[in-house]
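Reading the structure
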Amino acid sequence: MQSGMRALCAGGGASLCCLLLLWVIYSHLLKEGQLAVGTCEIVMLNRDMSQPRRTIARQTARCACRRGQIAGTTRARPACVDVRIVKSRQWCDMTPCSEGEVCGLLFNRSGWTCTKGGGRIKTVTPLPKEPS
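For the structure given in this document, a descriptive report is provided here. (Residues numbered from 1 in each chain as written. Predicted model: local features only at pLDDT ≥ 70, side-chain atom pairs only at ≥ 80, totals over all residues. Heavy atoms only, no water.)

The sheet built from three strands is open, its strands ordered β5-β6-β7 with antiparallel pairing. Of all strands in the sheet, those bounded by a partner on one side alone are β5 (102-105) and β7 (120-124). Each strand of the sheet is rotated relative to its neighbour by a mean of 25°, with strand direction disregarded. Relative to β7, strand β6 (residues 112-116) is paired through five bridges, and the arrangement is antiparallel. Counterpart to W112 in the pairing with β7 is V124. (Pairing = 2+ DSSP bridges. Helix = DSSP H or I, 4+ residues; strand = E, 2+ residues; numbered from the N terminus. Axes fitted to C-alpha atoms, helices over the stretch in contact; angles between N-to-C directions.)

Here's what the structure looks like:
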């Protein structure tokens, strides 16, 4: 019985050691400034409130998306979305609006609108990706 307990403790210790080693390796791979796969961050946000009753905001995000995904917007935040959505310009398929807002495509599919009760409308037009 006692030898079985020792073997169990040794196996548990070895497992814990392996997990610790994997965590150290993973944390070194995610060096400062790198994003975890499938995540995004806002790198620049500019707001222009010079016009009455209108705010123009420009946001730039950086994403580390998986294969078959591209930077997009989900629930009014940058997110990795299926590349098919962006290529087909079916913007509302990525659920870009906040909770309680209704998504609608612009007539030329150049972007979308998020309409909230009371007539508030937010219009979003993504900029084309710059060549690298």
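So much for the structure itself; the text now carries on.
Counted according to the given criterion, the structure contains four disulfides. Shown here is the disulfide that connects C40 with C63, its sulfur atoms set 2.0 Å apart. Here the disulfide of C40 and C63 is right-handed, its torsion about the S-S bond being about 115°. Within this pair, whereas C40 is found in strand β1 (residues 39-48), its partner C63 is found in strand β2 (residues 56-64), the two being separated by 23 residues in sequence. Taking relative accessible area as the criterion, C40 reaches 22% and is therefore assigned partly exposed. The disulfide bridge from C65 ends at C80, spanning 2.2 Å between sulfur atoms. (Disulfide = S-S within 2.5 Å. Buried < 20%, exposed > 50% of the residue type's maximum accessible area, 1.4 Å probe, protein only.)

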